[in-house]
Structures are given as structure tokens and as C-alpha cells.
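Tertiary structure, described
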Amino acid sequence: MSTPMTTLDHTLQDPPKLPFEPLIQKNAVITEARWVRVTLTTLALLFLLGFLLLPLISVFVEAFRNGVGAYFDAIREEDALAAIKLTMTVSLIAVPLNVVFGVVAAWAITKHSFRFKQLLTTLIDLPFSVSPVVSGLIYVLIFGAQGWAGPWLSEHNFKVLFAVPGIVLATVFVTFPFVARELIPLMQAQGTDDEQAALSLGANGWQVFWRVTIPNIRWGLLYGVLLCNARAMGEFGAVSVVSGHIRGLTNTMPLHVEILYNEYNFSAAFAVASLLALLALLTLGLKSLLEWRHGEELAATRKH
Amino acid sequence: MTALSVAPGSTVIKPLKHRSVMPGFGLSLGFTIFYLSLIVLIPLAGVFLKTADLGWQGIWNVVTSPRVDAALRLSFGAAAIAATLNAIFGLLIAWVFVRYDFFGKKLLDATIDLPFALPTAVAGIALTALYSGNGWVGQYLEPLGIKVAFTPLGVVVAMTFIGLPFVVRTVQPVLEEAEKELEEAAASLGATRWQTVTRVILPAILPALMTGYALSFARAVGEYGSVIFIAGNLPMKSEIAPLLIIIKLEEFDYAGATAVAATMLVISFVMLLIINLLQAWSRTRSGAKK
């Protein structure tokens, strides 16, 4: 029994090489057995692939089913071009309106303290919890032939419903909270220190806004614009109620997809749909790029 | 928040606004309230004014008519099933993406937001193409006797598709911030891994999971674009409430359409209230300062 304990295993006492290996891999008590991890990961990825990615892939496969020629014919067709133009016009009006509102509302809510602030924030979020169809309906009730403003409008020969102004209004409604709700948590976290410093150095209100606040929130603002634009271009339900589906005149891209689909012109429907899918992919790509590059300059809470 | 030192017990009438050096309060708040009222509040109030024309009996008659009743049942029932599926798979996906490492994780994480970015009409026709009798998925389900497209099951599929990111994106940040020390403590006190997960981790993320469920449910109830293509829209069978509003509008039955809309609005406002309460609960649970 005189042998000293020379065979003691010292590796257990080595400190974990922290910066290089994630602690969780080393620390067996706070993770699961390997087979559990593999099973759960496989299940989650299968669900993602089968449920989210498969529909996306099928859009492109169906679009090219009748060949590349048919694809480009469907996109270059007159009504399709009119729909693309209308969608862009509507988004070019609706998005800037909501950007101005979002910035102003976030300024009021985050740079000042006043009563009913929480209520105001909740009210701004309201359009998200309203069904798109109801969002369209509210404007039919106001501007429709039987609506409150309808008779006056038709007397003055001004069309809102079944025309571009109605589509813009419905789009503004459904995309209303996007910019504001991205900026509010971000500006809340930034506080007012920078602005107060600028003010104390003699800057006036507008200088503070343009030279201090806007540069501070630019990436968050861009993020909000991206999401707002994607929804504005892709909105279907609300626009469908107010547009009247007049081909070449009040048909946005999503509505054009519906018309083609209901005419059993599937490959053309999927061809136009593939453009919208590309927009979605572009949006996701830019959004992820912003998150990876400027994650700290975006709102801390990533909720939609 | 400005800390006001007030003797306990004394009542102070809170001023509408605290004095501050920040400029532009009147202008920015005024514009915010003006624009909010013009675009959102006044039009929404119109729905309730219009519905009031009908009277309680009129609203009741519309909502309990067999076709409306069936549509409301389908919308809320399918939304509940879809939100439950999303809670299960959303939790699984959030767990896997926060806790495990695998190839392509960053890229796949970005695709979770696909249902937010993909226009609903595109999702609708794509899902219909996949699940119809000769589609990529449908051709394998049909021989098993499972018909998805043009049945209520199709409604559930579409609602699950659009609701998934709500659960993942609400649970993910909470799971990321969960303290690992608690798990180590549980393990060191002799808990099995299963006990730690169900008794320590799950209670901590439960408020977030419920918020995600409520958000996904609220979105599914009102969803239109992705559902109408796959639903088949048979009256009494696979017709959702938002579609019925459109049908009633096309028949110039404005009062009927508005009654259905008001019913849905009231329910979504209640949902919104619940979501806000859940989020407040979630914040106190996770100990965040804001």
C-alpha cells in the first residue's frame, strides 16, 4: 500500500477551453443525450423543410412547368405588367407614409414621458390583430356607395373605392405598425442622452433629429421599411375587398395571381407568384444581413 | 420614468406630461394621434356604428344563422388546432435552434420568417398545389384516405403555415436568456434531465409560449389569403368567416358583413388584451427591467 496515487487523472480538473468550445458541449448535465439531440434536430429540420421550404420550392417548379418561354410570356403580358406597376405605385405611396408616421410616433413615445403611453402603443399595434378582410371592409363602409362618404364622393366624381386611393388606404392600414413597432423598442433602449448632449451644445430641435436621432436609428428604420414593404406589396385580403378586381386597372400582383389561378391558368399564376416569392427571398436575405451585421443597432426584442 | 420623491400616503395628481428638455412633444404627439385616428380608430369605430344599426337582435340573428355559425366555428376551431400544432413544433424548433449546433443553422434560422415574408396568396396556391390529389405531398396522403386540399384539414394546414414564426420568434429570445446556472443547480441537486426540462426550463418559458400561441391563434382566425385557395370554400363545410364577410359584401348585405366583422373584431380585441397581459406576465417572470 505504499504506492503513491500517481495515476490520478488530472484532465478532469483542466479548466474548459472557453473561447474555443461552447460550454454547453462540455457540460453534460445541462444538455441531452446525443440520440435525443439528433432526433429533435432531425424532427425540427424535417418540419421546417417540409412545411416551410417545400411550398417555396414548388412555386418555382410550377412556374417553369411549361418552360422558360411560357414563364416570360406570363410576366410580360399586358395585365401582368399593369399589376406589377400598380403594386409598386401603391407601395411607393404607402411605405413612405408609414415611415413618417413611425418615426414621429416613436419620437413622441420614446423621447417624452406622458400618461397613456402604453395605451397609445397598444393602439398603434391594433391593425395587426384585425383580419385583413375587416381592414378592407372598414373602408367600404366609409367610401362605398351605401357608405357615409359615398354619395358625396360620387357627386364630386371622385373615386376611392375600386380605385387606386382605396387600395393605398387599405395597404396603409395593414402596414401601419411595422416601422413604429421596430423603432419604439430601439429608441426606448437608446434613451435621450445623445439628444440632450446635442441640445446642451446648442443644437436646435431639427438639428438634433436629423444629425443625432436619425443616424442612431438608421438600421432599425431600414429594417422596418423592409418588412413594411414586403407586406405592402404582398397584401391580399384587405386589397381584395376594396379593389374591385378590374384587370389592368385595380389589379395588384397578388390579386392577379388569384385571377389567373381561378382561370386554371396555373403556370401563369405561379409565374407571377414567383416574382412575389423572389421579393420575399430578397426581403429575408436583406433582413438577415441587417441582423448579422447590425444586430446591436436593431431593436433588442425581435417580435412581430 | 422620472422618479418623483413623494411622501408615502400623499396623493399627487399626475400631470399629463413631465417637463423635459426634449423638443417637439406637441407636434409629434399631435401628428401621431391625428394620423392614428384618421387611418385606424375612426374607420374601426365605423364598424361598430354600422353594427349598432342592426340592434342586438339583428346581430344575434346574423351570427347564429347556420352558415355564419358554421364559418365562425371553422375559423376559431381550425385556428385553435393550428396554434396548438405551432406551439408544439415552434417550441421544438426554438429549442433546437437555441440549444444545438448543426450545419446551416444560421441560414435555416432565416427561413423561419418565410411565412411573414411570403405573400399570403402565393403561400395559398403553393400549399394547394402541394396537397391536392396529384401534388407532391397529396399523392402520398390520398391513398391513405387523407384528403387535405379542399377540406377543413386544408384550412388547418394553411393556418399552421402562417402561424409558425409567431411561436418560434416569441420563445427563442426567452430561451436564449434562460439562466444555465438554474439547470446546473437542478442537476447538482439530483434532478434528471427530464425533470430539469419540465420543472425548471418549461415554467420559465411558459408565458412566452402562451404569448406565441395567442399571437398565432389571432393571426390564424383572421387569415384569408393563404386559406381560401386550399379550403375549397364549401358553404357549411370549409368556408371561413373572413370569406363569408366578402360573400356578404358582394351580395350588398353590408349589415350582415359588418355584424360578422364586429364579432371577429370583438374577439380579436379580447385576444389582444390577453396577449398584453401575457407579455406583462412574461416580463415579470423573466425579471426584465422594462
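Residues numbered from 1 in each chain as written. Chains lettered and ligands numbered in written order. Predicted model: local features only at pLDDT ≥ 70, side-chain atom pairs only at ≥ 80, totals over all residues. Heavy atoms only, no water.

Helix and strand counts for chain B stand at 12 helices and zero strands. Start at the N end of chain B and walk to the C end: the helices and strands fall as α-α-α-α-α-α-α-α-α-α-α-α. Taking the principal axes of the C-alpha coordinates as reference, chain B spans close to 65 × 55 × 35 Å. The 290 residues of chain B split such that 54% are buried. Taking all contacts inside chain B whose residues are at least 6 apart in sequence as the whole, residues at least 24 apart take part in 73%. A total accessible area of about 13600 Å² is found for chain B, and carbon and sulfur atoms account for 68% of it. Here chain B holds 21 positive side-chain charges and 17 negative ones, and the gap between their average locations is 7 Å. (Helix = DSSP H or I, 4+ residues; strand = E, 2+ residues; numbered from the N terminus. Buried < 20%, exposed > 50% of the residue type's maximum accessible area, 1.4 Å probe, protein only. Contact = heavy atoms within 4.5 Å. Areas by Shrake-Rupley, 256 points an atom, 1.4 Å probe, with all protein chains shown as cover. Lys, Arg positive; Asp, Glu negative; His and termini not counted. Charge placed at Lys NZ, Arg CZ, Asp CG, Glu CD.)

Here we come to the interface of chain B and chain A. The interface of chain B with chain A comprises 98 residues on the first partner and 95 residues on the second. Summing both sides of the interface, chain B and chain A together bury roughly 8700 Å²; the carbon and sulfur share of this comes to 78%. Along the contact surface separating chain B from chain A lie two salt bridges. The partner of Glu32(A) in a salt bridge is Arg193(B), with the nearest N and O atoms 2.8 Å apart. At the boundary of chain B and chain A, one finds 10 residue pairs in polar contact (both at pLDDT 80 or more). Sort the elements by how many residues they give to the side of chain B that touches chain A and helix 1 (residues 25–64) of chain B lands first, with 18 residues. (Buried area = accessible area lost by both parts, 1.4 Å probe. Salt bridge = Lys/Arg side-chain N within 4 Å of Asp/Glu carboxyl O. Polar contact = N/O pair within 3.5 Å; in protein donor to acceptor, adjacent residues only side chain to side chain.)

Empty space among the atoms becomes visible once a probe the size of a water molecule is rolled across them. Of the voids in this model, the second largest pocket is the one considered here, and its volume is about 640 Å³. Along the wall of the second largest pocket there are 30 residues; nearest its centre are Tyr261(A), Phe266(A), Thr128(B), Phe150(B) and Phe229(B). Taken together, the elements giving at least two residues each to the lining of the second largest pocket come down to helix 2 (34–63), helix 13 (253–262) and helix 14 (266–294) of chain A together with helix 5 (120–131), helix 10 (225–231) and helix 11 (241–250) of chain B. Per-element tally for the lining of the second largest pocket: the top contributor is helix 11 of chain B, with four residues. The residue makeup of the lining of the second largest pocket, split by class, is 14 nonpolar, 12 polar and four charged. (1 Å grid on protein atoms, 1.4 Å probe; cavity = no way out; pocket = protein on both sides within 12 Å on 5 of 7 lines; lining within 4 Å. Points joined across faces, edges and corners; volume = space filled by probe spheres on them. Nonpolar A, V, L, I, M, F, W, Y, C, P; charged D, E, K, R; others polar.)

Counting 191 residues, the largest nonpolar core has Ile124(A), Phe173(A), Leu183(A), Ile39(B), Ile93(B), Tyr131(B) and Ile245(B) as the members making the most contacts within it. For this core, the element with the most residues is helix 2 (residues 66–99) of chain B, which contributes 18 residues. Each residue touching Ile39(B), except ones within four places of it in the same chain, is listed here: Tyr139(A), Leu169(A), Val172(A), Phe173(A) and Phe176(A). (Core = buried A, V, L, I, M, F, W, Y, C linked by side-chain atoms within 4.5 Å.)

This part covers empty space enclosed by the protein. Applying the stated criterion to the full structure yields four cavities of 30 Å³ or more. Its boundaries defined by the atoms lining it, the largest cavity holds a volume of some 90 Å³. Surrounding the largest cavity, 14 residues form its lining, Ser129(A), Ala218(B), Val221(B), Met264(B) and Ser268(B) being those nearest its centre. Among the secondary structure elements, those contributing two or more residues to the lining of the largest cavity are helix 9 (193–222) and helix 12 (254–286) of chain B.

Between its first and last C-alpha, helix 2 of chain A extends 42 Å over 30 residues, near the 44 Å set by a 1.5 Å rise per residue. A bend of about 45° at Leu53(A) is the largest found in helix 2 of chain A, and the proline Pro55(A) appears one to four places after it. (Expected span 1.5 Å × (residues − 1). Bend = angle between axes of the 7 residues up to and from the residue.)

What follows is about the packing of aromatic side chains. Residue and element names in this part refer to chain A. This model, assessed by the stated rule, comprises 24 aromatic pairs over all chains. Note on Phe 64 and Tyr 71: the rings are 4.2 Å apart at their centroids and 20° apart in plane angle, and the pair reads as stacked. Residue class for Phe 64 comes out partly exposed when judged on its relative accessible area of 36%. Ring centres 6.3 Å apart and planes at 85° place the aromatic pair Trp 206 and Phe 209 in the edge-to-face group. (Phe/Tyr/Trp six-rings, centres within 6.5 Å; stacked < 30°, edge-to-face > 60°.)

In this section: the confidence of the model for chain B. The predicted model of chain B has a mean per-residue pLDDT of 87, with 91% of residues at 70 or higher. Counting contacts from residues 1–6 of chain B, a segment whose pLDDT is below 50, to residues more than four positions away or on other chains yields four contacts. (pLDDT = per-residue confidence, 0-100.)

It is worth spelling out the environment of Gly150(A) at this point. By the element assignment, Gly150(A) lies in helix 7 (residues 150–155). C-alpha separation for the pair Gly150(A) and Val140(A), spaced 10 residues apart in sequence, amounts to 8.9 Å.

We now examine the side chain of Glu183(B). Of note, Glu183(B) is situated in helix 8 (residues 180–188). In terms of polar contacts, Glu183(B) uses its side chain to reach the side chain of Arg99(B), at 2.8 Å. Leave out the neighbours within four places in its chain, and Glu183(B) touches Ile30(A), Arg99(B), Arg193(B), Thr196(B) and Ile201(B).

All right, on to the environment of Val36(A) then. One can find Val36(A) in helix 2. Separated by 10 residues in the primary sequence, Val36(A) and Leu46(A) place their C-alpha atoms 15 Å from one another.

A few words now on the packing of helix 2 of chain B against helix 9 of chain B. In a pair of packed helices, the angle between the axes and the distance between the axes together describe the arrangement. All names here are of chain B. Axis separation between helix 2 and helix 9 bottoms out at 8 Å; the angle between their running directions is 135°. Relative to helix 9, the element helix 2 is oriented oblique. The element helix 2 and its partner helix 9 pack so that their crossing is right-handed. Residues Ser 75, Phe 76, Ala 79, Ala 80, Ala 83, Thr 84, Asn 86, Ala 87, Leu 91, Trp 95 and Arg 99 of helix 2 form the contact with helix 9, whose participating residues are Arg 193, Val 197, Ile 201, Leu 202, Ile 205, Leu 209, Tyr 213, Ser 216, Phe 217, Ala 220 and Val 221. For the contact of helix 2 with helix 9, the class distribution of residues is 16 nonpolar, four polar and two charged. (Axes fitted to C-alpha atoms, helices over the stretch in contact; angles between N-to-C directions. Parallel < 35°, antiparallel > 145°, perpendicular 65-115°, else oblique. Left-handed = near helix turned anticlockwise from the far one by under 90°.)

Turning to the packing of helix 4 (residues 78–111) of chain A against helix 1 of chain B, a few remarks are in order. As a packed pair, helix 4 of chain A and helix 1 of chain B sit with axes 8 Å apart at the nearest point and diverge in direction by 130°. Between helix 4 of chain A and helix 1 of chain B, the angle is such that the two are oblique. Between helix 4 of chain A and helix 1 of chain B lies a crossing of left-handed hand. Along its contact with helix 4 of chain A, which presents Leu97(A), Asn98(A), Val100(A), Phe101(A), Val104(A), Ala105(A), Trp107(A) and Ala108(A), the element helix 1 of chain B presents Ser28(B), Leu29(B), Phe31(B), Thr32(B), Tyr35(B) and Leu36(B).

Moving on, we come to the pattern of salt bridges. This model, assessed by the stated rule, comprises 18 salt bridges over all chains. Where Arg219(B) meets Glu223(B), a salt bridge forms, and the shortest distance between an N and an O atom there is 3.1 Å. Both residues of the pair, Arg219(B) and Glu223(B), count as buried. In this structure, a network of salt bridges that share partners links the residues Lys287(A), Glu291(A), Asp109(B), Asp113(B) and Arg169(B).

Quick look at the side chain of Ser131(A) now. Considering the arrangement of structural elements, one finds Ser131(A) in the loop between helix 5 (117–125) and helix 6 (132–143). Note on Ser131(A): relative accessible area 6%, which makes it buried. Among residues more than four places away in sequence, those in contact with Ser131(A) are Gly222(B), Pro242(B) and Met264(B).

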